[in-house]
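Observations on chain architecture
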Amino acid sequence: MFDSKRINKITPLFCQECLNEWSDKLATYKQLKTYTSMVFKYGILINLIQINPMERTITPKRKRDSTKKESDSFYTRRAYTVLSLFRAVK
């Protein structure tokens, strides 16, 4: 969705539409919002934009939907288990 847009042309309305679509399709839409917001914060830091359009959106509430699968998550249960094992080794 963001691939062909310049950062200074992205509006809060566009971000809200993306966020709504992500919440329907992905279990990790809140993480995706956080990562996207971090990119905009960096854009503010280097003076490409003046505001963070993602901060002017409303995060949709999680819907109780059985169509979202574990594979839709950023970390699957198995990957999380592997990561926790690495932490335990340290």
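Presented here is an overview of the structure given in this document. Values in this document were obtained by computation on a predicted structure and should not be read as measured data.

Some thoughts on the overall build of the chain
If you tally the helices and strands in the chain, you get three helices and zero strands. The linear arrangement of helices and strands in the chain, starting from the amino end, is α-α-α. Here the chain holds 90 residues, and 27% of them are scored as buried. Counting only contacts in the chain whose residues sit at least 6 apart along the sequence, the fraction spanning at least 24 positions is 58%. Within the structure as shown, the chain displays about 7,200 Å² of accessible surface, and the carbon and sulfur contribution to it stands at 56%.

Some remarks on the environment of Ile51
Along the chain, Ile51 turns up in the loop between helix H2 (29–45) and helix H3 (77–89). Spatially, the C-alpha atom of Ile51 lies 8.2 Å from that of Lys41, the residues being 10 residues apart in sequence.

Let's talk about helix H1 (residues 12–25)
Counted at 1.5 Å a residue, the expected span for H1 with its 14 residues is 20 Å, and the 20 Å between its end C-alpha atoms agrees. Looking only at H1, the buried set comprises Phe14, Cys15, Gln16, Cys18, Leu19, Trp22 and Ser23. At its buried positions, H1 is contacted by H2.

Definitions and limits used
Residues numbered from 1 in each chain as written. Predicted model: local features only at pLDDT ≥ 70, side-chain atom pairs only at ≥ 80, totals over all residues. Heavy atoms only, no water. Helix = DSSP H or I, 4+ residues; strand = E, 2+ residues; numbered from the N terminus. Buried < 20%, exposed > 50% of the residue type's maximum accessible area, 1.4 Å probe, protein only. Contact = heavy atoms within 4.5 Å. Areas by Shrake-Rupley, 256 points an atom, 1.4 Å probe, with all protein chains shown as cover. Expected span 1.5 Å × (residues − 1).

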